[in-house]
Structures are given as structure tokens and as C-alpha cells.
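# Per-entry structural report
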Amino acid sequence: MSYTVSQLLTQDITFQPIEIKGWVRTFRANRFIALNDGSTINNIQCVVDFENTDEALLKRITTGAAIHVKGELVESQGKGQKVEIQVHSLEILGDSHPDEYPIQPKKHTFEFLRENAHLRTRTNTFSAVMRLRSALSFAIHKYFNDNGFYHMHTPIITGSDAEGAGEMFRVTNLDAKHPPLDDDGTINYKEDFFGKETNLTVSGQLEAETYAMSLGKVYTFGPTFRAENSNTSRHLAEFWMIEPEVAFMDLDGNMDLAEDFMKSVLSYVLEHNREDLEFLEKRLLDEEKTKPQAERSEMSLIEKIKFVIDNNFKRVSYTEAIDILKNCKPNKKKKFKYIIKEWGADLQSEHERFLVEKHFKCPVILFDYPANIKAFYMRLNEDGKTVRAMDILFPGIGEMVGGSQREERLEVLKEKMKALDIPEEELWWYLDLRKYGTAVHSGFGLGFERLVMFATGMGNIRDVIPYPRTPQNAEF
Ligand code: 4AD
Ligand code: MG
């Protein structure tokens, strides 16, 4: 019978002989194959009877080769594993050309592995990261399904540029060299595929709101695109975002939902992906040892995840945060690149990180931001100058979540759009929600890759998505 490595290592196997297919990780002393098939971080040891095996065949058992093994699962004679396979027969399914194969059994830099992203999941680190990514994705769908949310697929090509979340990628099939022109020399998008200018979406929120106002509780989980030229370890041009949207829920409810949701999905991987987490924790500890003492983290990876699950997120208004920042040491000593002078300042990532990493030392929910640094659709507070916005900041990551209570009052929303020059014709359908059966509603967006970064301890967002899209880079 055919098994996976995971089954052989964890289940009681009664049918013998067994069969398995996988890739050779290492081959030692012409005898011991460490075999992996992706089902677990662990390898199974296959013991070859080398005296009775053709030498030409032995030579082809090299790191990276795909093989098919038949044999008997037995208690291991050696240390390091409970069971192993006594090989009866072995077939090479695919040679690995050891002189050229890039993934050798040694430490490779992440930069090198990024250039070989099609092979990097053959390493322990990247297979663990991608198994965790998959588990988190499942846990997210499970959470919403368990809690009465409907999954909605919002469009990826959009005709509205209202979100203002950043630069957009144009979608067009016009002839780049000879586009149709208007009399004034500008491109005539009426002749484009959709008869208007279209872009890749930066967020599914506005469409999700339409469904929340009939189905009650919905969420979208899809790719979003931003053409910002920010080459940082936390930005991608193509990333995945989870956006729940709930009718009759205010900002407090939104904070409760976001916190419960994040704790729940992190608990899921703590329970189901223990071995991968332990491997990544150890990797991180080794990496920490190379850093100066002062920069080392006080908690291990699993401790950090548990800390987030076990402690309340600190809820702090923007106004309180500004007071803290104005009076903090790095601000007074001009250590910040952007000095906080007064209320109204937009917070940079250095300020956010100070608040979570140095001041509060836990996840922080900042709320009630100045209206003029936030999007048009956020609900205006009674003070007339702040909006019911919230950002969730995480240690080591910075902004993980952005959300708000939405402006449900037609006149207030229209006025805001007018002030920002957002044409009503473009968002007529969005305004209709406020016209027909309007209600308090709220939602947020969680950047999936930032969550994967937190759960895996990876420091660069390019290493938690299979094929990162960043400025000047769309290989694979
Ligand atoms: O704060 P943002 O821009 O919020 C929205 O788009 C709202 N429409 C969400 C909503 O209320 N439904 O983005 C949400 C999150 C950020 O907090 C961050 O985690 C992530 O998306 N994010 C990015 N992740 C990777 N690369 C980028 N370039 C990102 N930009 C935002
Ligand atoms: Mg944001």
C-alpha cells in the first residue's frame, strides 16, 4: 500500500510491505536515504541494502531525485527516529543532476532561494512556511464559516478608483503604441475593452459592503494590487487580503471581531502545525544568536504567538497615542525621522513600532483617527474632526489590519465625497446603500502575508508568498 511520510511516522501501519514516493533530501554512507514528500517537515529514513544494490543505481540516489521505494516499515535500529523503511526495491523516477541542482543540503541565503523560488519549497524553512500559509488560509475560512459569514468573491478588475489606497495597475487591451485618442490628444477609454478605464482592485471592501447590506455578514479573501513604489520588507504589489463586512456592527464590535478572529486563526496553527512552528522557532533562535544582545527578541516564536492569543489587545485612541509619541524619548531627542509635532500628524511605521514594541509591548488597536488622513467612507464622529477608523499594530510587523465603521448617512457621505472631488456618478451604487435601508456597518482588511509573517517569524514579506510581485520583479 502507498503512504505519505506523515502517515508512516504517525499512524499504526499494519499492511506490509509499504510503498512511498518522494524526493531524496540526503543520502549518507551509501545506505541511509532521508526521504521527504511534503506531507510533513520530517523525513523518513529508508535503509538501502547497498551490498545487493546495483552500483549504477546507488549513484543516482542524489539530493533532489524523485524515487519510488517499496519495503518494510520497521522499528529503527538507529537513533533519531522511531521507524524506518527497509528497502526491498527502489526505482528512480527522476534524476536530479547533482552537478547542477541548486538546492544542496547546506544553508542557502534567502536571497539565493528567492532567485530559485520554484525550488525553494524543497527546503525545510520554505516548506514549513508554505504549509503554515495553507493552514492559516483554511483556518480563516473555517472561522468565518463557523461564525455565520458568507464567503463572497469580489471583482478583481474594477471600474472605480475611489478607495484611494494607493496607485493602481491599469487593465487595458488597447494597442500600447497606437491607442485611440480623443480630440484633445488623451486616450479614449470608451474604445477600451470595458468601455471605460479599469484597474486591478486595491480592496474588495466597497463591493463587500453591498453584500453585507443584504446577507448580513460576509467576507472576501482575494488578491489585491497596489502599484506603490515602496520597496520594503512589508509591502508587495500583489498581496492577499481578508475583508469581513458586517451589518449592524459598530466600531467596538469591529475591534472585538478582529481580535477574536486573529486569536482564533493563530490558535488553529498552534494546534495543527506544531512541528512546522517548532522548526521555524529553532531557525529563528539560531538567527537571533547572530544578532547583538540588545536586538534579540525576548520571546521565542511560539511564545509570541501564545502571548497574542492570551492577552487583550490594547485599545488606544489616536489622540492618546499622539500624546505618548509627542512626549517619548526618541521624539524629544529627534531620533525619529518624522518628528511628531502636533495632533493631526500621520503616523509612520517608526511611530507605530515604537508604540507596540517599546511602549505597550503588545498588539495595539489605534482608533478614532483624524478624518483628513483616512479614507472618505469612514464614519465621522460627533467632534466633526475624527473618524471611526481602527488600525491594528503588531510587534515586529507594524500595521496588520486597517478598518472602520462606515459612513451610513447619505448626506454626510455625499458631502465628504464632494470635498474630496470623488464624483457621485462613479459610486452611484455605493450611495444607493445609504439611500435604501441604510444601517450602521463596519469591517476591516487584514493583510494575509503580514499575518503569515507573524505566524512564521519570517522577516521579509517576499518569503511568505510563493511568487512575490515587487517593483522590478515579476519572475515566475
Ligand atoms: O489599510 P488598508 O489599505 O485597508 C483597506 O484596504 C480597507 N479597504 C480594508 C477594509 O476596511 N476592508 O489595507 C489593509 C491591510 C493593511 O493593514 C496591511 O496589513 C495590508 O492590508 N496591506 C499590505 N500588505 C502587503 N503589501 C502591501 N502593499 C499592503 N498594503 C496594505
Ligand atoms: Mg491602512
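The sections below set out a description of the structure shown in this document. Model, not experiment: these values are computed from the prediction.

### A few points about the side chain of T63
In this structure, T63 sits in the loop between helix 2 (55–59) and strand 4 (66–75). Accessibility expressed as a relative area gives 17% for T63, which makes it buried. A polar atom in the side chain of T63 sits 3.0 Å from the backbone oxygen of R25. Other than its neighbours up to four places away in sequence, T63 contacts V24, R25, T26, S96, Y101, I103 and P105.

### Re the pairing of strand 14 (residues 386–394)
Extensive coverage of strand 14 is indicated by the burial of 9 of its 9 residues. Where strand 14 meets strand 15 (residues 398–405), 6 bridges bridge the pair, whose relative direction is antiparallel. In the strand pairing of strand 15, D391 is matched with G402. Here strand 14 hands over to strand 15 after 3 residues, with G396 in that stretch at a positive phi of 80°.

### Here's the deal with the site of ligand 1
Around ligand 1 lies a shell of 24 residues, among which E163, Q205, E243, E399 and M400 are the nearest. Between ligand 1 and the protein, one listed contact pairs an oxygen atom with a backbone N or O atom of M400 at 2.8 Å. Here G447 contributes a backbone N or O atom positioned 3.3 Å from an oxygen atom of ligand 1. Relative to its unbound accessible surface of 630 Å², ligand 1 loses 92% to contact with the protein. It is strand 15 that contributes the most residues to the shell around ligand 1, 5 residues altogether. In terms of residue class, the shell around ligand 1 is built from 8 nonpolar, 8 polar and 8 charged.

### Observations regarding the pattern of salt bridges
It is possible for side chains bearing opposite charge to pair when their charged atoms get close. All chains considered together, the criterion is met by 24 salt bridges. E209 is the partner of R434 in a salt bridge, and the nearest nitrogen-oxygen pair spans 2.8 Å. Highlighted residues: R434 in helix 13 (residues 428–435) and E209 in helix 5 (residues 205–215), separated in sequence by 225 residues. The class of R434 is buried, set by a relative accessible area of 4%.

### Some points on the sheet that holds strand 12 (residues 314–317)
Spatially, 6-10-11-16-15-14-13-12 is the arrangement adopted by the 8 strands of the open sheet, whose pairing is mixed. Two strands lie at the open edges of the sheet, namely strand 6 (150–151) and strand 12, each paired on one side alone. Taken together, the 6 bridges between strand 13 (residues 364–370) and strand 14 define a ladder with antiparallel strand orientation. Across the sheet, I365 pairs through a bridge with I392, a residue of strand 14. Helix 11 (residues 349–360) contacts strand 12, strand 13, strand 14 and strand 15 of the sheet and is inclined by roughly 60° relative to strand 14.

### Structural notes on a negative patch on the surface
A cluster of acidic residues, D182, D183, D184 and E191, forms a negative patch on the protein surface. Examined against the element boundaries, D184 turns out to sit in the loop between strand 8 (170–171) and strand 9 (198–200). Among the residues examined, D184 registers a relative accessible area of 61% and is labelled exposed.

### Things to note about unusual backbone geometry
A cis amide bond, omega -5°, links Q16 with the succeeding residue P17. Note that P17 resides in the loop between helix 1 (5–10) and strand 1 (18–28). Of note, the phi angle at Q472 is positive, near 70°, even though the residue is not glycine. By secondary structure assignment, the location of Q472 is in the segment after helix 14 (448–456). Among the residues examined, Q472 registers a relative accessible area of 85% and is labelled exposed.

### Concerning the packing of helix 12 (residues 410–419) against helix 13
Close contact between helix 12 and helix 13 brings their axes to 9 Å; oriented N to C, the two are set at 155°. If you check the angle between helix 12 and helix 13, you find them roughly antiparallel. Contacts between helix 12 and helix 13 involve L410, L413, K414 and M417 from the first element and Y430, L431, R434 and K435 from the second. The residue inventory of the contact of helix 12 with helix 13, partitioned by class, reads 5 nonpolar, no polar and 3 charged.

### Some points on helix 4 (residues 124–146)
Every α-helix carries 3.6 residues per turn, so stepping three or four residues along brings you back to the same face. The terminal C-alpha atoms of helix 4, which comprises 23 residues, lie 32 Å apart, in line with the 33 Å expected from a rise of 1.5 Å per residue. Downstream of helix 4 by a residue or two, G148 has a phi angle that is positive, lying close to 80°.

### Here's the deal with the pairing of strand 15
Of all 8 residues making up strand 15, 6 are buried, and the element is well covered by its neighbours. One ladder, built from 5 bridges, connects strand 15 with strand 16 (residues 441–447); its direction is antiparallel. In the strand pairing of strand 16, G402 is matched with G445.

Reading the values: the criteria
- In every chain, residue numbers begin from 1 and rise along the written sequence.
- Numbering of ligands from 1 and lettering of chains from A proceed in the order in which they are written.
- The model is predicted, so local features are restricted to residues of pLDDT at least 70 and side-chain atom pairs to those at 80 or more, both for listing and for counting; the totals for chains, interfaces and linings are taken over all residues.
- Side-chain numbers here rest on the full set of heavy atoms in the structure, without hydrogens or water.
- Only DSSP runs of H or I covering at least 4 residues are called helices, and only runs of E covering at least 2 are called strands; the numbering of each starts at the N terminus.
- Using a 1.4 Å probe on the protein chains alone, a residue whose accessible area is under 20% of its type maximum counts as buried, one over 50% counts as exposed, and one in between counts as partly exposed.
- Definition of a polar contact: a pair of N or O atoms within 3.5 Å, with one able to donate and the other able to accept a hydrogen when the atoms are protein atoms, and with sequence-neighbouring residues admitted only if both atoms are side-chain atoms.
- We call two residues in contact when some of their heavy atoms are within 4.5 Å.
- One bridge is not enough; two strands pair if DSSP finds at least two bridges between them.
- A single heavy atom is enough: if one lies within 4 Å of a molecule or strand, its residue is considered near that molecule or strand.
- Computed with the Shrake-Rupley method and a 1.4 Å probe, the accessible areas treat only the protein chains shown as cover for residues.
- All residues other than Ala, Val, Leu, Ile, Met, Phe, Trp, Tyr, Cys, Pro, Asp, Glu, Lys and Arg, Gly among them, are scored as polar; the first ten of these are nonpolar and the last four charged.
- Here, a salt bridge means any side-chain nitrogen of Lys or Arg that lies within 4 Å of a carboxyl oxygen of Asp or Glu.
- Fitting a line to C-alpha atoms yields each axis, with helices limited to the stretch in contact; the angle taken between N-to-C directions then spans 0 to 180 degrees.
- Residues enter patches when they are more than 30% accessible in relative terms and free of salt bridges; like-charged ones are connected within 9 Å and nonpolar ones (Val, Leu, Ile, Met, Phe, Trp, Tyr) within 5 Å.
- When charges are tallied, Lys and Arg are placed among the positive residues and Asp and Glu among the negative ones, while His and the ends of the chain are skipped.
- Lys charges are placed at NZ, Arg charges at CZ, Asp charges at CG and Glu charges at CD.
- Oblique is the label for every angle not falling under 35 degrees (roughly parallel), over 145 degrees (roughly antiparallel), or within 65 to 115 degrees (roughly perpendicular).
- Helix span is expected to be 1.5 Å times the residue number reduced by one.

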